[in-house]
Amino acid sequence: MRRSSSILTRLLGAAAGLALAVAGAVAVAAPAQAATLTQVTGFGSNPGNLAMYAYRPDGLPANSPAVVLLHGCTQNASGYFANSGWQKYADQWKFALIVAQQPSGNNANSCFNFFEAGDTTRGQGEALSIKQMVDHAKTNYGVNGSRVYVSGLSAGGAMSAVMLATYPDVFAAGSIIAGIPYRCATSMVNAFSCMNPGADKTPAAWGDLVRGAYSGYTGPRPRVAIWHGTSDTTVTPLNGTESRDQWTNVRGVSQTPTSTSSLPGNTSLEVYGNDDVRLYRISGMGHGTPVDPGSAAEQCGTAGAYFLDTICSTYRDALFFGLNSGGTNPTPTPTATPTPTPTATPTTPPTCVTASNYAHVAAGRAYQSGGYAYANGSNQRMGLYNTFYTSALKQTGPNHWVVGC
């Protein structure tokens, strides 16, 4: 078993702010279904010495999607699975969850080693172990290899960026929550300066680091959602902006958003390109995974230390990944073909529309109340009802629209 050096123990111990909720500190009621999070052994050579856990909801069809979850420091698989809200949507929309776990023998605070070259390089260490978990799921669970996604928090968010950079042929999309750009940190010492105050590079310089992770690769690159609290002092908000610069450059789109919108929980959404990259900024939120406890369709998770009651990031990511189509479609498309309405254009309406809030209301995609526009179906607030405020709306069902594309 690999052991971290004494300096790693001291430095990571000093960075107590990065340490996230101890697993099991917040509990939720057991699901009604018989499916449980189960440890999986023998999933590969496992050079990173990670543990694999899997959740397969009852009735999981063949060819279903899968999401890899990467916890933060001091957490474990069961704690992140229980509190992040992913089980709710896995049960509802029928997709598998793969939850990696970092043992303390690898890192004093059970952080994924996002700063070690041997763990962040294609074909090596922890990155390869996580990829082997996906391979196991494809072989043994019938997971659709073209619909695999990854999401992580803090050290796990940084490791999510590692997986998107090193294995673009494995992951179709991912989300980085309170993380840092790929290869900002190349040692344990400069990991802390990347976290705070952060590093400023040009989009091209950041993009080159990703392109160098799999030299010669010419295939499609993953779409990326980035989440960051504006009051995060552990991993400063600059990292959200720099991650935006990195992944828009990789996707070949401008760093100027094509649309902006307001969401619940003091959250703003910036969309880049044709929904290539999303940047969510949560005003006033500190360091943690955004959750929104409750039973509504857009609510999820359990609030606690580093699970912050603002907005259900899991719901937004699940839609961004196209998981609301479950295992029935090989690509993230809406569950039904939209039917034109009298206010729509004469041809079949597009799945995603970017327009002023006034135009959305006039076209029947939204309604206005109290000076604000709200999306039809989801009732999400889009911002002020006028011709100057622009939003992107995605149709997920007949007369049902969600903010962001």
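Residues numbered from 1 in each chain as written. Predicted model: local features only at pLDDT ≥ 70, side-chain atom pairs only at ≥ 80, totals over all residues. Heavy atoms only, no water.

**What about the overall build of the chain?**
Where we set the bar: By definition, any uninterrupted DSSP run of H or I lasting at least four residues is a helix, any uninterrupted run of E lasting at least two residues is a strand, and each is numbered from the N terminus. Working rule for contacts: check all heavy atoms of both residues, and any pair within 4.5 Å makes them a contact. Using a 1.4 Å probe, accessible areas were evaluated by the Shrake-Rupley method; residue-level cover was limited to the displayed protein chains.
Along the backbone of the chain there are ten helices and 18 strands. Partitioning the intrachain contacts of the chain with sequence separation of at least 6 by distance along the chain shows that 68% fall at a separation of at least 24. Carbon together with sulfur atoms contributes 53% to the accessible area of the chain, which is approximately 14500 Å² in total.

**Quick word on the environment of Ala-318**
Spelled out, the test is: Burial classes: relative accessible area under 20% of the type maximum marks a residue as buried, over 50% as exposed, and values in between as partly exposed (1.4 Å probe, protein chains only).
Relative to the assigned elements, Ala-318 resides in helix H9 (residues 313-320). Judged by its relative accessible area of 0%, Ala-318 is buried. Along the backbone, Ala-318 and Gly-174 are 144 residues apart, and their C-alpha atoms lie at a distance of 9.9 Å. Excluding residues that lie within four positions of it along the chain, Ala-318 makes contacts with Trp-86, Trp-93, Leu-323 and Asn-324.

**A short note on the sheet that holds strand S3 (residues 66-70)**
Using the following cut-off: The rule for pairing is simple: two strands pair if DSSP sees at least two bridges between them. Helix axes use the C-alpha atoms of the stretch in contact, all axes being lines fitted to C-alpha atoms, and the angles between their N-to-C directions lie in the range 0 to 180 degrees.
Overall, mixed pairing links the ten strands, which are arranged S1-S2-S4-S3-S5-S6-S7-S10-S9-S8 in an open sheet. At either end of the open sheet lies a strand with only one pairing partner, and these are strand S1 (38-40) and strand S8 (259-263). Strand-to-strand twist of the sheet, defined as the mean angle between neighbouring strand axes without regard to direction, takes the value 20 degrees. As paired strands, strand S6 (residues 173-177) and strand S7 (residues 223-229) are joined by five bridges and run parallel to one another. In the strand pairing of S7, Gly-174 is matched with Val-224.

**Remarks on helix H5 (residues 155-166)**
Rules: The span you would expect from a helix comes to 1.5 Å times its residue count less one.
With twelve residues, H5 extends 16 Å between its outermost C-alpha atoms, agreeing within 8% with the 16 Å of an ideal straight helix rising 1.5 Å per residue. In terms of residue burial, H5 counts as a mostly covered element, since twelve of its twelve residues are buried.

**What to know about the environment of Lys-94**
For clarity, the cut-off: N or O atoms closer than or at 3.5 Å make up a polar contact, with two conditions inside protein: a donor-capable atom paired with an acceptor-capable one, and, for residues adjacent in sequence, both atoms drawn from side chains.
For Lys-94, the position within the fold is in the loop between helix H3 (86-93) and strand S4 (96-101). Note: C-alpha distance between Lys-94 and Pro-65 (29 residues apart in sequence) is 8.0 Å. There is a polar contact of 3.4 Å between the side chain of Lys-94 and the backbone oxygen of Asp-91.

**What to know about the confidence of the model for the chain**
Detail in the predicted coordinates should be disregarded across regions flagged by low pLDDT. Going by this rule: How sure the predictor is of each residue is captured by pLDDT, a score from 0 to 100.
The predicted model of the chain averages 86 in pLDDT, with 83% of residues at 70 or higher. Across residues 1-33 the pLDDT falls below 50, and counting only partners more than four positions away or on other chains, this stretch makes 80 contacts in the model. Note that pLDDT drops below 50 for residues 328-349; the model gives that stretch 28 contacts with residues more than four away or on any other chain.

**Re the pattern of salt bridges**
Going by this rule: We define a salt bridge as a contact between a side-chain nitrogen of Lys or Arg and a carboxyl oxygen of Asp or Glu at a distance within 4 Å.
Counted by the stated rule, this structure contains ten salt bridges. Where salt bridges share partners, they join Lys-131, Asp-135 and Lys-138 into one cluster.

**Describing the nonpolar core**
For the record, the criterion: We call a set of buried Ala, Val, Leu, Ile, Met, Phe, Trp, Tyr and Cys residues a nonpolar core when their side-chain atoms join them within 4.5 Å.
Grouped together as the largest cluster of nonpolar side chains are 59 residues, with contacts concentrated most on Leu-70, Phe-114, Phe-171 and Trp-247. Among the elements that line this core, the one with the most residues is H5, at eight residues. Grouped together as the second largest cluster of nonpolar side chains are 52 residues, Leu-37, Tyr-55, Tyr-89 and Leu-263 included.

**Concerning the pairing of strand S10 (residues 277-282)**
Of all the six residues making up S10, five are buried; the element is thus mostly covered by neighbouring parts of the structure. In terms of strand pairing, S7 meets S10 through six bridges, oriented parallel. Among the inter-strand pairings, Trp-227 is bridged to a residue of S10, identified as Tyr-280. Examined bridge by bridge, strand S9 (residues 267-272) and S10 share six bridges and lie antiparallel to one another. Counted as the bridge partner of Glu-270 is Leu-279 from S10. Adjacent in sequence and paired antiparallel, S9 and S10 are bridged by four residues, among which Gly-273 carries a positive phi angle near 65 degrees.

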